[in-house]
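Residue strings, one per chain:
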Amino acid sequence: MGEEVQEVIIQINDQPFPTILDLHTLYKSSTLIRGATYKYTKPSQNLQLPNLLESPIGEIIVSIEGRGDNAEPDNPQDAWLPITASRNGSAYYAAFHSLNSGIGFQALMLPVAFSVLGWTWGIISLSMAFVWQYYTKWLLIQLHESVPGTRFNRYLHLSMAAFGARTGKLLGLFPIMYLSGGACVMLILNGGAITAVLYCILLWAIPLSKSRLIGISYDSVKPKLDIAGGFDTFAALGIIAFAFRGHNLVLEIQATLPSSENYPSHVPMMRAVNFAYLVIALCVLPLAVAGYWAYGDKIPANGMLTALHTLHEHDTSKFLLGLTSLLVVIHSLTAFQIYAMPAFDNLEFVYTSKKMKPCSRWIRAGFRIFFGCLTFFIAVAIPFIRNLTGVIGGIALPVTLAYPCFMWIAIKKPERFSALWCFNLVLGSLGVILSIFVFAGGIKSLVEPGIDVRFFKP
């Protein structure tokens, strides 16, 4: 208690002020003295800078006491960014965010995919997609703290660590930004996690309560063996793959959880994901099966919500129809906040890297208003962008199906040609191949009917 605290004067590089990287490197240094006070001085001077200690980045006073020997020293910049500003999350909130980001309006298109694939291949494809994406999400959760002393808080950072800075950024930046910004645009075009569950239940319960439509067929929609039928099959597989989402957000959600040597963050995160995927399965599978049973080949191209309003307008109460649409809008608004977070985080990262200080409340609000206005403008100005989702989605699909497998191999480095090495290599390769097929199916779906290009006519 009465020990005198040792004071160490340091000098970093030949810069008038230390950079974020300098502070991070110092903070992670193994030469730090427990209980010492570190202060920065200008080059060629032995004078302390008292005003530096008052600035947000200048506080290089490092308290080593109270931290476990294996505890991770956080990047000082992480405390300024919205994703990593707090590590006080819980499995409950992680489950809520995982469910909200993992289920959405894409699931309303599943009966359309079944109308192409039929009963057998539709159920098989949906089940395989569910297990495949659950496995790749498990890989990402395990890779979050795969390097001792490091937490990969963002998908892009993990990609750069696995594939190298340049290749990782090239492979991951566009798909991740599309999955974030593109999802926000689509949410605006379509308008809590609880509302998603409720409207999924309503959308399959209402058709089941009614008699099946007269003249529907299941046999006539089996996949054809010609080229056109093959492209239709690829597009249907893309619909099923897009029904499960949230891989670009799983690391960001996990970054909000506390972690220690005795209780790493992947433990509560897996509990949250297990609960979320159980609920997602209970929503998605009945929606696909009941929707295809009720409408067969007469399912509208826009999915279940359109079918409900066009085919059950006269035999369903307006209250239920309005409630279902309202729940979709509410879920779109709440999911927008989650999918926009990587974009907010990236904007603030650029600002804090240049200004070397956290964003003020007004600047943070300005970034959010700017992004909201930008996505709204795109949704209103280019409403036909929804027709490009199959094409662009094919480019972004490896983020979900392929990259996690390859990143596991690159970071974990399992024994070459071992069972685990071969399994992840084959699964990742299949993910790339499927992405190419989905991309081709998206091209065909654009070329055949054409695009109705109308600006500012949503």
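Residues numbered from 1 in each chain as written. Predicted model: local features only at pLDDT ≥ 70, side-chain atom pairs only at ≥ 80, totals over all residues. Heavy atoms only, no water.

Draft legend 1. Local environment of the overall build of the protein chain. For the protein chain, the count of helices and strands is 16 helices and two strands. Within the protein chain, buried positions represent 48% of all 458 residues. (Helix = DSSP H or I, 4+ residues; strand = E, 2+ residues; numbered from the N terminus. Buried < 20%, exposed > 50% of the residue type's maximum accessible area, 1.4 Å probe, protein only.)

Draft legend 2. Structural context of the packing of helix α3 (residues 110–143) against helix α16 (residues 419–447). The contact between α3 and α16 brings their axes to 12 Å, and the two run at 120°. With respect to α16, the element α3 is oriented oblique. As for how α3 packs across α16, the hand of that crossing is left-handed. In this structure, α3 contributes W132, Y135 and L139 to the contact, and α16 contributes L420, F423, N424, L427, L430, G431 and L434. Residue classes in the contact of α3 with α16 are distributed as eight nonpolar, two polar and no charged. (Axes fitted to C-alpha atoms, helices over the stretch in contact; angles between N-to-C directions. Parallel < 35°, antiparallel > 145°, perpendicular 65-115°, else oblique. Left-handed = near helix turned anticlockwise from the far one by under 90°. Contact = heavy atoms within 4.5 Å. Nonpolar A, V, L, I, M, F, W, Y, C, P; charged D, E, K, R; others polar.)

Draft legend 3. Expanded view of the side chain of T352. Residue placement: T352 occurs in helix α11 (residues 318–355). Assessed through its relative accessible area of 0%, T352 is described here as buried. A polar contact of 3.2 Å, which involves the side chain of T352, links it to the backbone oxygen of F349. Excluding anything up to four places from it in sequence, T352 contacts Q77, W80, L81, K357, P358 and C359. (Polar contact = N/O pair within 3.5 Å; in protein donor to acceptor, adjacent residues only side chain to side chain.)

Draft legend 4. Representation of helix α4 (residues 155–163) in the model. Listed as buried for α4 are Y155, L156, L158, S159 and A162. All buried residues of α4 project into a common sector of 160° when viewed along the axis, lining one side. A positive phi of about 100° marks G164, the residue just after α4. (Arc of directions from axis to C-beta.)

Draft legend 5. Seen up close, the UniProt feature "transmembrane region" (unreviewed entry) in the protein chain. The sites that UniProt annotates as "transmembrane region" (unreviewed entry) are residues 108–135, 185–207, 227–244, 275–295, 319–344, 365–385, 391–411 and 418–440. In the segment residues 365–385, helix accounts for 81% and strand for 0%; the C-alpha atoms at its two ends are 27 Å apart. With 96% helix and 0% strand, residues 418–440 has its two end C-alpha atoms placed 33 Å apart. (UniProt positions renumbered as here; feature names shortened; annotations may be inferred.)

Draft legend 6. Representation of the nonpolar core in the model. Counting 82 residues, the largest nonpolar core has L110, L126, Y155, L158, Y199, M269 and M407 as the members making the most contacts within it. For this core, the element with the highest residue contribution is helix α9 (residues 266–295), accounting for 15 residues. Every residue in contact with L126, bar those within four places of it in the chain, is listed here: L110, F114, I240, F244, V284, L285 and A288. Counting five residues, the second-largest nonpolar core is a separate cluster that includes F336, A343, F344 and F371. (Core = buried A, V, L, I, M, F, W, Y, C linked by side-chain atoms within 4.5 Å.)

Draft legend 7. Seen up close, the pattern of salt bridges. This structure, assessed with the given rule, holds four salt bridges. With a closest N to O distance of 2.8 Å, R364 and E348 form a salt bridge. Taken as a pair, R364 in helix α12 (residues 361–381) and E348 in helix α11 lie far apart in primary sequence, 16 residues in all. Of the charged contacts in the structure, one is a salt bridge between E348 and R368, with a shortest N-O distance of 3.0 Å. You can see E348 sitting in helix α11 and its partner R368 sitting in helix α12, a full 20 residues away along the chain. A single salt-bridge network, built from bridges that share partners, covers E348, R364 and R368. (Salt bridge = Lys/Arg side-chain N within 4 Å of Asp/Glu carboxyl O.)

Draft legend 8. Broad picture of unusual backbone geometry. Non-glycine residue K413 carries a positive phi angle of around 50°. For K413, the location among the structural elements is in the loop between α15 (403–412) and α16. K413 gets classed as exposed once you look at its relative accessible area, which sits at 62%. In this structure, F417 takes a positive phi of about 70° despite not being glycine.

Draft legend 9. The packing of aromatic side chains, seen in detail. Taken as a whole and judged by the stated rule, the model has 15 aromatic pairs. Ring centres 5.2 Å apart and planes at 80° place the aromatic pair Y92 and Y93 in the edge-to-face group. Chaining the aromatic ring pairs together yields one cluster made of F130, Y134, F244 and Y277. (Phe/Tyr/Trp six-rings, centres within 6.5 Å; stacked < 30°, edge-to-face > 60°.)

Draft legend 10. Structural view of the environment of C359. Locating C359 in the fold gives a position in the loop between α11 and α12. The sequence separation of C359 and F349 amounts to 10 residues, and the corresponding C-alpha distance is 9.3 Å.

Draft legend 11. Main features of the environment of F174. Along the polypeptide, F174 turns up in helix α5 (residues 165–190). When its relative accessible area of 45% is taken as the criterion, F174 is described as partly exposed. Spatially, the C-alpha atoms of F174 and L156 are 10.0 Å apart, while their sequence positions differ by 18 residues. When near neighbours in sequence (up to four residues on either side) are disregarded, F174 contacts I392 and I395.

Draft legend 12. Fine view of the confidence of the model for the protein chain. With 76% of its residues at a pLDDT of 70 or more, the protein chain shows a mean pLDDT of 76. Residue range residues 1–73 is modelled with pLDDT below 50. Its contacts to residues more than four positions away, or to other chains, number 116 contacts. (pLDDT = per-residue confidence, 0-100.)

Draft legend 13. Spatial organisation of the environment of I382. Note on placement: I382 falls in the loop between α12 and α13 (389–396). Residue I382 is classed as partly exposed on the basis of its relative accessible area, which comes to 29%. As for I382 and F456, which are separated by 74 residues in sequence, their C-alpha atoms are 6.4 Å apart.

Draft legend 14. Fine view of the packing of α11 against α12. Orientation of α11 relative to α12, taken along the N-to-C sense of each, is 125°, at an axis distance of 10 Å. The orientation of α11 with respect to α12, classified from their angle, is oblique. Where α11 crosses over α12, the two elements pack in a sense that is right-handed. Of α12, the residues touching α11 (which contributes F336, A340, M341, A343, F344, L347, E348 and Y351) are I363, R364, F367, R368, F371, G372 and T375.

Draft legend 15. Geometry of α9. The terminal C-alpha atoms of α9, which comprises 30 residues, lie 42 Å apart, in line with the 44 Å expected from a rise of 1.5 Å per residue. Taken from the residues just after α9, G296 is the one with a positive phi, measuring 55°. (Expected span 1.5 Å × (residues − 1).)

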